[in-house]
Structures are given as structure tokens and as C-alpha cells.
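What follows is each chain in one-letter form.
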Amino acid sequence: MADRVTVIGWDGSPLTEAARAALGAATLVAGAVHHLALPEIPPGAERIRLGSVPPAARRIAGHRGTAVVLADGDPGFFGVVRTLRAPEYGLEVEVVPAVSSVAAAFARAGMPWDDARIVVAHGRTLRRAVNVCRAHTKVAVLTSPGAGPAELALLLDGVHRTFFICEAMGTDRERVTVLTSDKVADHVWRDPNVVIVVGGSASAAGPVAPGPSGWLAGSEPNYPPAVRGWALSAAEYTGQDAPAATADSPQLRAAQLARLGPRAGDLLWDIGAGSGAVAVEAARFGSAVLAVERDAAACARMSAAARRFGVQLQVVHGIAPLALEALPEPDVVRVGGGGARTVAACADRRPERIVTHASTRDGAEAVGRVLADGGYTVECTLLQSLELDTREWTERERAVVFLLSGSRM
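As a starting point, this report considers the structure included with it. (Residues numbered from 1 in each chain as written. Predicted model: local features only at pLDDT ≥ 70, side-chain atom pairs only at ≥ 80, totals over all residues. Heavy atoms only, no water.)

1. Concerning helix α6 (residues 126-135)
Filter applied, for reference: Accessible area is worked out with a 1.4 Å probe on protein chains only. A residue is then buried under 20% of its type maximum, exposed over 50%, and partly exposed in between. Secondary structure elements follow DSSP: runs of H or I of four or more residues count as helices, runs of E of two or more count as strands, with numbering from the N terminus.
Most of α6 is tucked away: eight of the ten residues are buried. For α6, the full list of buried residues reads L126, A129, V130, N131, V132, C133, R134 and A135.

This is the structure:
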């Protein structure tokens with residue numbers, strides 16, 4: 001087992017005295033090609049090119065001597081330290097950090113970053129990273145080959161953002177480029193790079209303007225919002241209370257959102273979005289949301305509601321199922337209108353969950369058959385709500401609706 005493992009972060013600046021001392025005593029050094037070319041590495045030290053970290057960690061665990069691992073930026077931030085500290089390797093790790101690539105990128109852009117979301121994009125997470133960029137106004141993306149600036153921009157098709165692309169930071173090839181998202185795919189970008197993605201409905205005129213300091217990293221400065229709670233009354237979105245049996249009723253909406261479980265990295269389709277109440281509340285959970293609505297006035301109202309609540313919505317004025325053809329793949333879908341035909345079109349896109357409702361048992365059975373035929377496990381619940389006038393405790397309104405949910409098998 002290695003006597004000592006020191007992980008040294010490197011940001012292109014001269015190594016600190018502590019880093020030079022650790023490196024000078026190393027009998028094994030692991031790092032990328034440019035790290036292994038550093039002149040401070042002892043000539044007799046064993047050198048391991050660091051690709052996949054677990055094999056290197058096993059080799060270090062079996063080494064008798066002093067090991068050093070070199071990594072770019074802060075190795076404790078989405079870096080090698082997490083793997084090296086895994087219990088199965090039994091390594092005692094000391095870290096000499098450098099400025100993280102994210103901190104350096106925001107410094108180059110001249111922006112604060114305590115309110116930024118930070119994501120890692122690679123082959124398995126690229127689509128989810130894009131959805132975070134849809135849902136938030138400031139996101140730093142740690143990219144990888146095949147999941148870089150061009151791929152991010154192409155998947156954001158239809159969503160306007162500004163990209164700050166920081167290439168090869170800390171090297172003599174460093175370059176920072178600012179482009180709108182529709183221009184990014186026209187260029188070839190050097191690896192490694194960090195992309196800062198900013199913009200959204202709250203800042204349509206340009207990059208996000210710095211606001212007052214917040215208190216919780218990764219959240220908007222105005223967090224928590226002034227309005228507390230979920231499944232708010234329709235009046236919070238439209239100024240008018242909806243009847244309890246409609247798709248916008250708080251009771252039905254709460255049950256639908258509970259079954260959908262929208263979360264960061266998801267893309268939710270809200271088909272027949274109506275007032276936008278479900279869309280806005282899903283966005284408050286951190287999900288990216290595409291709201292499809294045939295009524296142009298309703299589209300304008302839900303966009304206004306999104307601005308009031310400080311969330312990002314992409315509103316599509318169109319009629320389902322035709323309007324769905326060009327939309328990006330959803331993770332979860334809520335169908336507020338369109339019936340069995342629209343549910344079938346959504347099932348063809350294979351989201352993880354689909355939720356809808358019906359006012360009659362015949363309608364519920366028709367939708368249930370469509371979901372089952374599409375390969376979904378179907379649940380149907382009869383929801384009854386009774387609103388009381390609490391001044392006299394008399395019945396004000398009673399509503400009955402069938403809630404249907406489909407989970408992909």
C-alpha cells in the first residue's frame with residue numbers, strides 16, 4: 001500500500017512550495033500527458049497515464065512508496081479525490097488544490113457564480129445537462145469529447161442562450177469566446193473546455209444581470225420564493241379560481257405532480273397546459289418544461305405567470321399531437337387535453353411516466369387501454385374533492401375526476 005497519496009491540483013500557474021515538495025518525493029506519479037511532462041517530476045519515478053481513475057487507484061494502492069496524482073483545477077470538485085477515497089482502495093489522501101476550472105471560467109467571464117448550477121456533460125448525461133440549461137438562467141457545464149459546446153447548442157434548439165466558452169484554460173492555447181447559442185455549432189472547439197450558459201425569459205435582452213447576493217449556493221438570489229407551498233390555487237396563476245373538476249384544480253394538480261415527480265435534469269411536456277399552473281409548478285421543482293397550448297392568449301398568460309414565479313418555460317403555441325413531432329424527447333408527460341389520441345402520440349415517444357385525467361369512466365377506460373397498449377403499467381384512481389364554505393361549513397363545490405398514470409415497463 002502506498003505510504004502516502006498526495007493529489008495536486010494544477011491550473012497552469014507555477015506549483016506551490018507544498019506541491020513541489022510532494023512531487024519531488026514521489027516514487028509514483030499519475031496524471032494526464034501534459035501533467036507527466038512537468039519538469040518537477042523525479043526522473044526515477046514511475047509514471048502512470050491517468051485515463052480511467054479506478055485502475056490507477058488500484059495500482060496506487062498496491063505501490064510501496066509515495067504516490068502523487070496530478071489533476072487539473074480543484075481535484076475535489078467533480079474530480080479524482082472522490083474515487084481515490086473510496087473505501088475499497090484504503091488510501092489516505094492529502095489534497096493540494098488549485099483554482100477549479102469553473103471558478104476560473106467565471107473569473108474570465110467577470111461573473112459571480114454562487115447562483116450558478118454546475119453540471120457534468122458526457123455521453124450518458126448530455127441530455128440531462130441540456131435540460132438544466134433549459135430550466136436555469138446560469139449554468140456551468142463541464143464538457144467532454146462528444147458532449148461539448150456544439151452538442152449543447154444543437155440540443156438547445158429553439159431556446160436562446162448566450163455561451164461563454166472557455167477553452168484550454170491555464171495553457172498557452174487558452175481562449176474565451178462569447179456567442180449566442182444559434183452560432184455555437186458553426187465552430188470547432190478545443191478540449192478541455194468549460195461552458196457558461198446564461199440567459200432566459202427573465203433576461204431576454206442579454207446575459208443575466210447580477211442581482212443581490214443570495215444565501216444558498218446554486219439558487220436564485222430571491223430564493224426562497226415569496227409564495228410558499230405547492231398546488232396553489234388557480235388564482236395564483238390566472239387571477240380566477242378554476243372549478244375543482246378542471247385540469248387546473250389544485251387537488252388534481254397535486255396528485256398529477258406527485259406521480260410525475262419532476263426533478264432537475266428532466267424535461268416535462270405539459271400538453272394542453274391551460275393556465276400553465278402544472279408547468280410553472282414543475283419548473284419550481286427544477287425540471288425543464290415544454291408547455292404546449294392551442295390558445296394564444298393562454299400562452300401569453302402562462303409566460304407571464306412564469307415570469308412572476310421566476311422560472312423558465314418554453315411555451316409552444318400549437319395543437320397536439322401535431323405540435324409534438326419536433327419537440328425534444330420528454331422524461332415525463334402530463335396531458336391536460338387532447339384525449340386518447342394525444343396520449344397515444346406521447347406514449348410513442350416512450351417517456352418514463354405519463355399522467356392524464358378523464359371526466360367519465362368510459363373516457364378513463366379508453367385512455368387506460370392506450371397506455372397499456374403502449375407498454376405502460378396503468379393506475380387509475382377516482383378522485384373526489386369537496387370544497388366547503390368555512391364560514392357556515394356548507395358544501396360549496398363537489399368534483400369527481402379519474403386520475404390515470406402510466407409507468408413505462
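2. Notes on the pattern of salt bridges
Cut-off, in case you're wondering: Whenever Lys or Arg places a side-chain nitrogen within 4 Å of a carboxyl oxygen from Asp or Glu, that contact is recorded as a salt bridge.
Scanning the model with the defined rule gives 17 salt bridges in all. Residue D389 pairs with R391 through a salt bridge whose shortest N-O separation is 3.0 Å. A cluster of three or more residues bridged by salt bridges with shared partners is formed by R127, R128, R263, D266 and D331.

3. Some remarks on the packing of aromatic side chains
The geometry of an aromatic ring pair is captured by two quantities: the separation of the ring centres and the angle between the planes. The criterion, for reference: Note on ring pairs: Phe, Tyr and Trp rings are taken, using the six-membered ring of Trp, and paired if centres are within 6.5 Å. Classes follow the plane angle, with under 30 degrees stacked, over 60 edge-to-face and the rest tilted.
The full count for this structure, using the stated rule, is four aromatic pairs. A centroid spacing of 5.1 Å and a plane angle of 80° characterise the contact between F77 and F78, whose relative ring orientation is edge-to-face. A relative accessible area of 29% means that F77 is categorised as partly exposed.

4. Brief notes about the nonpolar core
Selection rule: In this description, a nonpolar core means a group of buried Ala, Val, Leu, Ile, Met, Phe, Trp, Tyr and Cys residues linked to one another through side-chain atoms lying within 4.5 Å. In this analysis, two residues are considered to be in contact whenever any of their non-hydrogen atoms come within 4.5 Å of each other.
Y237, L268, V280, V289, F309, V311 and L313 are the most contacted members of the largest nonpolar core, which has 26 residues in total. Mapped onto this core, the elements with two or more residues apiece are α10 (250-260), α11 (277-284), β12 (288-293), α12 (296-309) and β17 (394-408). No other element matches α11, which puts six residues into this core. Not counting the four nearest positions on each side in its chain, F309 is found in contact with V227, L232, E236, Y237, V280 and R284. One finds V316, L324, A358 and Y376 within the second-largest nonpolar core, a separate group that totals 24 residues.

5. So, the sheet that holds β17
The test is simple: When DSSP finds two or more bridges between two strands, those strands count as paired. Axes, fitted as lines to C-alpha atoms, cover a helix only where it is in contact. Angles between the N-to-C directions of the axes lie from 0 to 180 degrees.
Ordered by their spatial adjacency, seven strands build an open sheet running β13-β12-β11-β14-β15-β17-β16, and the pairing between neighbours is mixed. Sheet topology places β13 (314-317) and β16 (376-389) at the edges, where each strand pairs with a single neighbour. Neighbour-to-neighbour, the strand axes of the sheet open up by a mean angle of 20°, direction not taken into account. For β12 and β13, the ladder comprises four bridges, and the chain directions are parallel. Looking at β13, one finds that A291 is bridged to V315.

6. Some details on the side chain of R284
Structurally, the position occupied by R284 is in helix α11. The residues contacting R284, other than those within four sequence positions of it, are P225, V227, G229, W230, L232, Y237, F309 and V311.

7. Regarding unusual backbone geometry
Cis geometry is found at the peptide bond from D191 to P192, where omega equals -5°. With respect to the helices and strands, P192 occurs in the loop between α8 (181-184) and β10 (193-198). Note the cis peptide between A320 and P321, where omega equals 5°. Residue placement: P321 occurs in the loop between β13 and β14 (332-335). Positive phi outside glycine occurs at A168, with the angle close to 45°. Relative to the elements of secondary structure, A168 occurs in the loop between β8 (162-167) and β9 (175-180). According to the relative accessible area criterion, A168 is buried, its value standing at 3%.

8. Some points on the environment of V93
Checked against the element boundaries, V93 lands in strand β5 (residues 93-96). Distance from V93 to V69, taken between C-alpha atoms, is 10.0 Å for residues 24 residues apart in sequence. Residues within four places of V93 in sequence aside, it is in contact with V5, V7, L84 and R85.

9. With respect to the pairing of strand β15 (residues 353-358)
Inclusion rule: Place the viewer so that the strands point away; then a crossover is right-handed whenever the path from the first strand over the helix to the second strand goes clockwise.
Taking burial as the measure, the six residues of β15 include five buried ones, the bulk of the element. Chirality of the crossover, the property in question, places the unit of β14, helix α13 (residues 339-347) and β15 among those that are right-handed. Of the strand pairs in this sheet, β15 and β17 are connected by six bridges, and their pairing is antiparallel. Bridging across to β17, A358 finds its partner in F402.

10. Considerations on the side chain of T342
Condition: Under this definition, polar contacts are N or O atom pairs within 3.5 Å; protein pairs additionally need one hydrogen-donor-capable and one acceptor-capable atom, and for neighbouring residues in sequence, both atoms have to be side-chain atoms.
Here T342 shows up in helix α13. What makes T342 buried here is its relative accessible area of 1%. A distance of 3.2 Å separates a polar atom in the side chain of T342 from the backbone oxygen of G338. Filtering out sequence-adjacent residues up to four positions away, T342 remains in contact with I271, A320, P321, L324, V335 and G337.

11. Quick notes on the packing of α10 against α11
Rules: The scheme is simple: roughly parallel for angles under 35 degrees, roughly antiparallel for over 145, roughly perpendicular for 65 to 115, oblique for anything else. In this scheme the crossing of two helices becomes right-handed for a clockwise turn of the near helix relative to the far one and left-handed for an anticlockwise turn of less than a right angle. Amino acids outside the nonpolar list (Ala, Val, Leu, Ile, Met, Phe, Trp, Tyr, Cys, Pro) and the charged list (Asp, Glu, Lys, Arg) are all regarded as polar, and Gly is one of them.
Running from N to C, α10 and α11 point in directions that differ by 45°, and their axes come no closer than 11 Å. On the basis of their axis angle, the class for α10 and α11 is oblique. Every pair of crossing elements has a handedness; the one defined by α10 and α11 is right-handed. For the pair formed by α10 and α11, the contact residues are R253, Q256 and L257 on the first element and A277, V278, E281 and A282 on the second. Grouping the amino acids of the contact of α10 with α11 by side-chain chemistry returns four nonpolar, one polar and two charged.

12. A short note on a nonpolar patch on the surface
Applicable threshold: Only residues whose relative accessible area exceeds 30% and that take part in no salt bridge are eligible for patches, with like-charged residues grouped when within 9 Å of each other and nonpolar side chains (Val, Leu, Ile, Met, Phe, Trp, Tyr) grouped when within 5 Å. Surface accessibility in these figures is a Shrake-Rupley result with a 1.4 Å probe; residues are shielded only by whichever protein chains are displayed.
On the surface, W215, L216 and Y223 cluster together into a nonpolar patch covering about 360 Å² of accessible area. With respect to the secondary-structure elements, W215 resides in the loop between β10 and α9 (235-238). When its relative accessible area of 61% is taken as the criterion, W215 is described as exposed.

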